[in-house]
Amino acid sequence: MELFLTYTIVGLVLGSVYAIAASGLVLTYTTSGVFNFAHGAQAMLAAFLYWQLSVGWGLPVPVAFVLVVLVFGPLLGVVLHRFLMHGLRDVAEVTKVIVTVAVLLGMVSLSQWIWDPTEPRKLEMLFGNATSIEVFGVRVRYHEIICLVSAALLAIGLRLLFTRSRLGVMMRGVVDDPELLRLNGHNPDRVAMASWALGSGLAAFAGVLVTPVAGGSLEASMLTLLIIDTFAAAMFGRLQSIPRTFVGALVLGLASTYLLAYAPSSWDWAGNVKTALPMIVLFLVLLVLPQDRLRGAQVRTRERNRVPSVRQALVWGVVFVALVALLTRIADPLMHGSFVAGLAFAIIALSLVPLTGYAGEINLVPLSFGAVGVIVAFHVGIEGSGLASRMGWVGLLAGTVAAALVGGLVALPALRLRGLYLALATMAFGGLVSTLVLTEIHPRNWFGWEGAIFPTGTVIVPPVQLGPLDLRSDDTAMIVLAAIFSLIGIGIVALRNTGYGRRLVAMKDSPAASAMLGQSLVRLKLGVFMLSAAIAGLGGILMASSAGSVSTEAFMITASLALVMLTVVGGVGYVSGALFGGLMVGMGFTLINGTFRDLALTHDAWSPVLGSMGHVFAVLVALMGITVNQNPSGIVHQLCEGYRPLLRARPVLFVGAGVAAVLVALNLLEVIGDWTLGIALFCVVGLTPVLGQVWMAERVLSPEELEALAARRRVLPVERRGLDAPLSPEERYDLDVALGLPPRPLPSHDVEVALADGVPLEEVARG
């Protein structure tokens with residue numbers, strides 16, 4: 001009985017922390033319509049700040065608690081709403097997801113920059129680990145009592161807030177009809193900001209409470225993912241009901257502890273199941289959750305994608321392979337391995353183009369499907385042994401087919417989901433792969449086959465051999481992977497130009513209209529999901545093979561989120577957008593961090609600054625996702641739109657191409673280095689459209705843009721100023737001078753003169 005009571009209290013405490021975090025998540029979603037994927041990262045930052053104040057700097061615990069929970073948490077929510085979430089109304093669901101994912105990744109990178117992840121940090125319970133009372137023979141610490149009481153009071157208080165208070169009604173009204181709320185004399189932005197401040201404060205509260213309860217040391221990624229477990233509790237309440245969320249959190253906490261306490265000792269996998277339980281619950285709840293009806297009206301978004309023809313895709317594919325072949329000649333051989341990894345990640349990112357770019361379905365964990373491909377290829381596809389071992393056609397084909405089949409199995413029950421719910425379902429699948437599959441590192445009997453699924457946590461995947469092509473050489477691997485990327489990209493473009501591709505886009509725009517026209521949405525979704533999973537599986541095998549070995553960390557959810565975010569930033573509707581995302585994830589971080597690390601070693605005086613530049617780059621790249629709100633079509637679309645008018649000004653293109661050719665020639669002659677070449681080419685690509693607007697504006701700009709430019713450059717005669725628009729203070733001054741009148745002083749002079757004459761500022765402001 002004592003054991004039951006002990007585990008019951010532990011489960012209730014863990015569930016209480018889940019309830020506090022989930023309540024904040026439900027609060028922000030209910031009042032703003034934005035599902036905050038960064039909720040766990042906010043809790044993580046608060047936990048680290050609390051440790052810094054209380055342990056690192058020795059402040060009293062109550063002071064640190066107040067500063068973190070009552071000051072930092074709400075202030076962080078206000079900042080997020082003011083500068084990010086405020087502009088997410090009426091944007092596509094994928095944009096909302098990516099912006100919050102970018103905040104999550106940025107906060108994780110920021111915490112790892114400030115607090116060295118290699119240094120262990122422990123956080124004690126509030127009032128210490130020894131302070132406790134005895135309840136029915138069970139010792140309960142004050143910290144645990146605070147968790148239980150706080151969760152119960154919050155559930156009651158938030159319920160009363162939403163149903164009995166004017167502020168709660170206004171918070172719900174912000175989502176339903178903000179303009180109606182404004183007509184009634186309220187400020188919807190201020191109300192939404194208050195809800196974000198409260199929700200962020202609850203995240204900070206949960207972050208301070210959860211680490212001593214869950215045990216272990218502070219670690220940014222793990223703490224962030226721990227709070228993500230609360231997504232299941234929030235789904236219990238359908239992101240609307242605080243009481244149901246509270247009950248769901250308690251059930252989740254109790255189930256976790258009971259499973260660990262009463263599972264037979266022979267069930268050595270029970271610990272993994274306990275870790276994966278929130279993701280299992282999340283997936284099951286999503287499957288039984290009632291879904292919104294299909295929308296009949298077309299979804300209007302700011303996203304715009306141009307569809308290239310197959311011939312154009314073929315030309316660009318050949319050009320890309322030729323450029324990569326040239327790169328093998330001019331780039332430093334030490335960088336070839338990073339290029340190979342970048343191309344492998346780009347193939348994985350290609351899986352998002354038909355699924356998210358064309359069909360509008362969100363998959364947050366493409367690397368998990370890549371992990372499935374790697375596992376199958378590792379077990380069935382390796383030929384030979386030792387240094388002579390190779391990954392052959394059988395492994396590539398088996399891994400790709402297995403990933404496609406698993407994609408179909410995942411998509412089949414999730415076919416009724418879309419938007420945010422489908423994104424959460426794929427995240428749950430990624431969590432299951434990470435906690436149940438990749439953790440099977442010890443030999444076990446699997447239906448007659450004995451072995452470990454992911455032996456020792458790191459599998460060695462030999463280089464791929466495709467007939468006469470042995471990808472052991474990085475040069476050969478670069479060209480072959482570029483060719484594979486181009487072939488898949490051309491195939492995707494060809495698919496988009498077929499009737500199947502047009503049906504995918506129709507399903508994305510209006511599922512109800514597509515169904516009314518006789519299209520089978522089930523067949524469309526299942527097909528595109530399997531295709532996407534197959535591409536991700538193939539890319540995963542190539543990525544593992546190019547690296548030589550791959551560990552479980554390579555398939556973590558945060559890595560998948562980074563790949564998805566950067567692909568959307570590049571342009572998820574474009575093959576080149578996938579190339580941008582893959583290269584950034586596969587080689588960008590490696591090259592930048594390696595370069596700054598080498599510079600720090602060779603320049604002792606600048607070592608601290610250079611050592612920090614890698615972290616700065618990581619934070620900036622993570623926050624690139626924020627730009628999706630301003631440019632939902634992606635960087636590639638913006639770049640193409642900048643170059644398209646230059647077709648009417650070919651001399652500008654010739655100049656740009658000539659400068660690029662000269663730079664490459666200088667690099668070949670070893671006059672300039674690789675980094676100088678890369679930075680210079682980046683500048684040429686970015687500045688060529690600007691040169692066109694300056695040099696041949698009449699050919700590049702539209703008539704409207706030319707007229708606006710002329711209006712800005714036009715110098716009106718002094719006597720005509722003020723006829724079409726009020727005079728500015730400077731124009732008024734010039735006019736007085738031209739007419740020979742006593743010039744009235746400029747505003748800065750007004751204040752100086754008035755103050756010198758003793759005129760109060762209020763009168764100066766009134767003029």
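Heads up: these notes are all about the structure in this document. (Residues numbered from 1 in each chain as written. Predicted model: local features only at pLDDT ≥ 70, side-chain atom pairs only at ≥ 80, totals over all residues. Heavy atoms only, no water.)

1. Comments concerning the overall build of the protein
Here is step 1 of the chain: Per the secondary structure count, the protein includes 33 helices and ten strands.
Here is step 2 of the chain: Compactness check: the protein gives a C-alpha radius of gyration of 29 Å against a globular reference of 27 Å for 767 residues, within 12% of the reference.
Here is step 3 of the chain: With respect to the principal axes defined by its C-alpha atoms, the protein has extents near 100 × 80 × 70 Å.
Here is step 4 of the chain: Split into buried and exposed, the 767 residues of the protein put 49% on the buried side.
Here is step 5 of the chain: Across the protein, the fraction of contacts at a sequence separation of at least 24, relative to all contacts at a separation of at least 6, is 76%.
Here is step 6 of the chain: Surface accessibility of the protein: about 36000 Å² in total, with carbon and sulfur atoms responsible for 66%.
Here is step 7 of the chain: Computed over 48 positive and 47 negative side-chain charges, the separation of the two mean positions in the protein equals 11 Å. (Helix = DSSP H or I, 4+ residues; strand = E, 2+ residues; numbered from the N terminus. Rg over C-alpha atoms; globule rule 2.2 N^0.38 Å. Buried < 20%, exposed > 50% of the residue type's maximum accessible area, 1.4 Å probe, protein only. Contact = heavy atoms within 4.5 Å. Areas by Shrake-Rupley, 256 points an atom, 1.4 Å probe, with all protein chains shown as cover. Lys, Arg positive; Asp, Glu negative; His and termini not counted. Charge placed at Lys NZ, Arg CZ, Asp CG, Glu CD.)

2. Quick word on the environment of Val437
Here is step 1 of the chain: Its location among the elements puts Val437 in helix H18 (residues 420-437).
Here is step 2 of the chain: Look at Val437 and you get partly exposed, because its relative accessible area is 27%.
Here is step 3 of the chain: Note: C-alpha distance between Val437 and Leu326 (111 residues apart in sequence) is 41 Å.

3. Description of helix H28 (residues 674-695)
Here is step 1 of the chain: Taking 1.5 Å per residue, 22 residues should reach 32 Å; H28 reaches 30 Å between its end C-alpha atoms and fits that length.
Here is step 2 of the chain: Taken together, the buried positions of H28 are occupied by Leu677, Ala680, Val684, Thr688, Pro689 and Gly692.
Here is step 3 of the chain: Contacts made by the buried residues of H28 are with helix H13 (310-330), helix H26 (635-643), helix H27 (650-668) and helix H29 (697-700). (Expected span 1.5 Å × (residues − 1).)

4. A few points about the pattern of salt bridges
Close approach of charged atoms allows side chains with opposite charge to pair.
Here is step 1 of the chain: Enumeration over the complete set of coordinates arrives at four salt bridges.
Here is step 2 of the chain: Between Glu641 and Arg644 there is a salt bridge, with the nearest N and O atoms lying 3.4 Å from each other. (Salt bridge = Lys/Arg side-chain N within 4 Å of Asp/Glu carboxyl O.)

5. Some thoughts on the pairing of strand S2 (residues 138-141)
Here is step 1 of the chain: The two faces of S2 differ: Val138 and Val140 on one face are buried, but Arg139 and Arg141 on the other face are not.
Here is step 2 of the chain: Taken together, the four bridges between strand S1 (residues 132-135) and S2 define a ladder with antiparallel strand orientation. Bridged to Ile133 within S2 is Val140. (Pairing = 2+ DSSP bridges.)

6. Quick notes on the packing of helix H11 (residues 242-262) against helix H12 (residues 270-288)
Here is step 1 of the chain: H12 packs onto H11 with a crossing angle of 160° between their chain directions and a minimal axis gap of 9 Å. One element, H11, and the other, H12, form an angle in the roughly antiparallel class. As H11 packs across H12, the resulting crossing turns out to be right-handed. Contacts from Leu252, Ala255, Ser256, Leu259 and Leu260 of H11 reach H12 at Ala270, Gly271, Val273, Lys274, Leu277, Pro278 and Val281.
Here is step 2 of the chain: Looking at side-chain class alone, the contact of H11 with H12 contains nine nonpolar, two polar and one charged residues. (Axes fitted to C-alpha atoms, helices over the stretch in contact; angles between N-to-C directions. Parallel < 35°, antiparallel > 145°, perpendicular 65-115°, else oblique. Left-handed = near helix turned anticlockwise from the far one by under 90°. Nonpolar A, V, L, I, M, F, W, Y, C, P; charged D, E, K, R; others polar.)

7. Here's the deal with the packing of aromatic side chains
Here is step 1 of the chain: A complete count under the given rule lists eleven aromatic pairs for this structure.
Here is step 2 of the chain: Aromatic side chains Phe4 and Tyr258 sit 5.6 Å apart centroid to centroid with 15° between the ring planes, which places their arrangement in the stacked category. Here Phe4 is found in helix H1 (residues 2-32), whereas its partner Tyr258 is found in helix H11, with 254 residues between them in sequence.
Here is step 3 of the chain: Under the relative-accessibility criterion, Phe4 is labelled partly exposed at 35%. (Phe/Tyr/Trp six-rings, centres within 6.5 Å; stacked < 30°, edge-to-face > 60°.)

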